Amino acid sequence: MSTGRSLATISCGRCQSKKIRCNRVTPRCDRCEATGAECAYLPRRPRTKKQRTKFSEKGVLLEVLERLRCLEEHCGLDTFAGNQDNELDSMSISSVESENTQNATLPEAPTTIVPPGIRDIISRIKDEGSQSMLLSSVFCHLQQIQWCFLENESCFRAITSAMSEMKFMQDTQPTEASEEPSIPKDLAQQLIDYYYSFCHFEGFKMPLEKSFLTSIPDLLEISHVQLDCTSQIIYYTILFQGIVTKPEALPRRGNLIHVLYQKCASLGEDWLKNIKDTPADFYAALTLVSLFLECCNVDLSWKALAQACGISKALGFFSVDETPSEGDNEHSTEPESLPHQAEVERNRKRFQFWHILRTDCLFRMCYGKPTLIPAGSWKVNFPDPTINGVNDESSRFMQIHFIASMRLTLIVMKYLDWVDGGKDPDPVSHDATINSFIDEVQLILSDWDAEGLLQMATNHVDVWFCVDVLFSTYKMLIVLYQSKKCNQGHTLPPQAVEISRKSVKIFQSLLASSAHAFWGISLFLFHQFVPFFILCLDIIGNPDHANLEEDLVSIGWISDYAEMVIKERVELKPIMVIINSMSMACQQTKTIRLVRAA
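Bear in mind that the values here come from a model prediction, so they are computed numbers and not experimental data. (Residues numbered from 1 in each chain as written. Predicted model: local features only at pLDDT ≥ 70, side-chain atom pairs only at ≥ 80, totals over all residues. Heavy atoms only, no water.)

Enquirer: Is there a simple way to think about the overall build of the chain in this case?
Expert: Summing up its helical and strand segments, the chain has 21 helices and zero strands in all. Taken over 598 residues, the chain has a buried fraction of 54%. Long-range contacts, defined here as pairs at least 24 residues apart, represent 76% of the contacts in the chain between residues at least 6 apart. (Helix = DSSP H or I, 4+ residues; strand = E, 2+ residues; numbered from the N terminus. Buried < 20%, exposed > 50% of the residue type's maximum accessible area, 1.4 Å probe, protein only. Contact = heavy atoms within 4.5 Å.)

Enquirer: Mind showing me how you'd approach the UniProt feature "domain: Zn(2)-C6 fungal-type" (unreviewed entry) in the chain here?
Expert: Per the UniProt record, "domain: Zn(2)-C6 fungal-type" (unreviewed entry) is found at residues 11-41. End C-alpha atoms of residues 11-41 are separated by 7 Å, and the span's content is 39% helix alongside 0% strand. (UniProt positions renumbered as here; feature names shortened; annotations may be inferred.)

Enquirer: In this structure, what is going on with the packing of helix α8 (residues 210-220) against helix α9 (residues 229-245)? I would like to understand it.
Expert: For any two helices packed against each other, one specifies the crossing angle of their axes together with the interaxial distance. At a closest axis distance of 10 Å, the pairing of α8 and α9 adopts a crossing angle of 110 degrees. Compared by their axis directions, α8 and α9 come out roughly perpendicular. Both α8 and α9 take part in a crossing whose hand is left-handed. Residue-level contacts link F212, L213, I216, P217 and L220 of α8 to S231, Q232, I234, Y235 and Y236 of α9. (Axes fitted to C-alpha atoms, helices over the stretch in contact; angles between N-to-C directions. Parallel < 35°, antiparallel > 145°, perpendicular 65-115°, else oblique. Left-handed = near helix turned anticlockwise from the far one by under 90°.)

Enquirer: What's the story with the pattern of salt bridges in this structure? I'm lost.
Expert: Proximity of charged atoms lets side chains of opposite charge pair with each other. In total, this model carries 19 salt bridges according to the counting rule given. The closest approach of N and O atoms between R407 and D447, which form a salt bridge, is 3.1 Å. Linking R407 in helix α14 (residues 396-420) with D447 in helix α15 (residues 427-448), this pair joins segments that are 40 residues apart in sequence. Judged by relative accessible area, which is 25%, R407 ranks as partly exposed. Judged by its relative accessible area of 45%, D447 falls in the partly exposed class. E440 is paired through a salt bridge with K414; the nearest N and O atoms lie 3.1 Å apart. Taken as a pair, E440 in helix α15 and K414 in helix α14 lie far apart in primary sequence, 26 residues in all. Among the residues examined, E440 registers a relative accessible area of 28% and is labelled partly exposed. What emerges from the salt-bridge pattern is a single network uniting D321, E343, R346 and R350. (Salt bridge = Lys/Arg side-chain N within 4 Å of Asp/Glu carboxyl O.)

Enquirer: Looking at this model, I keep getting lost on the nonpolar core. Mind explaining?
Expert: Soluble globular proteins: nonpolar side chains tend toward being buried together. Judged by nonpolar contacts, the single largest core of 161 residues is most densely connected at I234, W271, F353, I356, Y415, F524 and I575. Here this core takes 15 residues from helix α17 (residues 460-483), the largest share from any one element. When residues no more than four places from it in sequence are discounted, the contact partners of I575 are M133, L134, V138, C296, L525 and I566. Judged by nonpolar contacts, the second largest core, of seven residues, contains C12, I20, C22 and C32. (Core = buried A, V, L, I, M, F, W, Y, C linked by side-chain atoms within 4.5 Å.)

Enquirer: Can you help me understand the packing of α17 against helix α18 (residues 494-512) in this one?
Expert: Where α17 contacts α18, the two axes come as close as 9 Å, and the packing angle between them is 160 degrees. By the criterion of interaxial angle, the relationship of α17 to α18 is roughly antiparallel. As α17 packs across α18, the resulting crossing turns out to be left-handed. On α18, the residues touching V463, V467, L470, F471, Y474, L477, I478, Y481 and Q482 of α17 are Q495, A496, I499, S500, K502, S503, I506, F507 and L510. Among the residues forming the contact of α17 with α18, the class breakdown is 13 nonpolar, four polar and one charged. (Nonpolar A, V, L, I, M, F, W, Y, C, P; charged D, E, K, R; others polar.)

Enquirer: Quick question: what am I supposed to make of α17 here?
Expert: Owing to its 3.6 residues per turn, the α-helix brings residues three or four apart onto one side. Between its first and last C-alpha atoms α17 spans 34 Å; for 24 residues at 1.5 Å apiece the expected length is 34 Å, and the two agree. Along α17, 23 of the 24 residues are buried, which leaves the element largely enclosed by surrounding structure. (Expected span 1.5 Å × (residues − 1).)

Enquirer: How should the environment of N435 be read in this particular structure?
Expert: By secondary structure assignment, the location of N435 is in helix α15. A residue is classified by how much of its surface remains accessible, and N435, at 30% relative accessible area, is partly exposed. Distance in space between the C-alpha atoms of N435 and K484 is 8.4 Å, their sequence separation being 49 residues.

Enquirer: Is there a simple way to explain the environment of R350 in this structure?
Expert: Mapping R350 onto the fold places it in helix α13 (residues 340-367). Put simply, R350 and D384 are 34 residues apart on the chain and 8.8 Å apart in space, counted from C-alpha to C-alpha. Dropping the residues within four chain positions of it, R350 is found in contact with V320, D321, E343, V380, N381, F382 and P383.

Enquirer: Would you explain the side chain of R346 in this entry?
Expert: When you line up the elements, R346 lands in helix α13. One polar contact links the side chain of R346 to the main-chain carbonyl oxygen of V320, over a distance of 3.4 Å. (Polar contact = N/O pair within 3.5 Å; in protein donor to acceptor, adjacent residues only side chain to side chain.)

Now the structure itself:
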């Protein structure tokens, strides 16, 4: 125990290097003492004056600090910081210098907000990487719903049991070096062909020729050929896009995803040293966002997004629609007089900007990250979603997805800004504002009829466009209903429970309709973890549950699906344990009720 020992003024060198919390006890902090590691308190280095950059302006930092203060005040919860400890923690995008790109200093991210009890039981896990993954990739999704429901004894016991199982698993399972599967050339060719057939859109024009991409496997085998990191990252992320969207059966899919993650991880440092303000580097950064999210590394995904923001701003994405007087001595021509190809390029920049704006908004909403695109830093109109003015039937679902998802993004941005600015203390005014947000989201569902469009989709990618809009609106509605002060009692809002039930059922029917459909763990966590958790809480905490058998079937199916997706990926086992434990707690609730009724 550390009681009675003096405290140092700074964290020890080991805790600083691992970016973990240090209790600063001398002569050895508790973490070093527990692991038997050397504990040294180095003198504080004198601070050097940092160069002012586009992301480190005082106003942005003050905005981040104020957001954190407001969020902590609103939730009334303690904070717990966790950082994923893996081979790419040194991938510090903010410290990279390149020939053209200005250094982008990341805003300080608020620490993940969790209740003290959850924080304590998660801290029992020895592996800091598992701690961080659960905080940043699992429990973060519950920030926007009422944490008080986690105080339910049965729910809390289920999470405690899951932590104990993980601790036992880490203590007893030997670490074996598994054989790393390779990606055969013929499979790589199939995945590239699939990408160009179904995933390549006019709005995101591939910066590399298809013929060059298909030659990369051969080039990598030639020892005297030095292939640049940007091309390799694009190649690997295109294979990743093909793996997660291709509906046909693919043996060892999870292992292949992990291999591609490791490939990009090993290229990260060299890529950052040579990065430039080019469309190819922008594309590489943007595709890394989804790859890192699928591997549950939220921090690296956010850093990749920050790099994409920096490059896109340098390429003019943030100022597409500035008037000549607003530009930096740059002659600007009115769109009417622009040649067709120039206007297509402007449309493409608009499309890509709104995509990264939506991604930035999702990181704020789901992962508690500060915005990388502050208000007032951009002037970009909505694009023509066809990009080139040709209304191609094959891009119809993509166009619908863009318009509907951007409408939802604007609503989410308004909601988050309202939360950050301090909610109305008057319950009536507060709920009236929430109701206005609910009406706007409901209008998207009625205008676009995503469920009806889903029945018309003919391929896996178009289905994804439909369900992304549908599940995103469902999740936002759940958050909004949970936010109403009239619903902040000890029972879940019936609207939130019903929407959760509907979301899970649609997800279940989608995967049941295709024997080999694959959606990945990141999309599952993003779209279905909140509905799953809401149903579990309703079963455990609602003694008058009217749909017990129906919801238990859905909960069991979600648990089986998560296990199927994660089974080949050992690093994601903690997520599976949490889901299985909640499912078991629901089954135990049914047993207890049957015993009481007997």
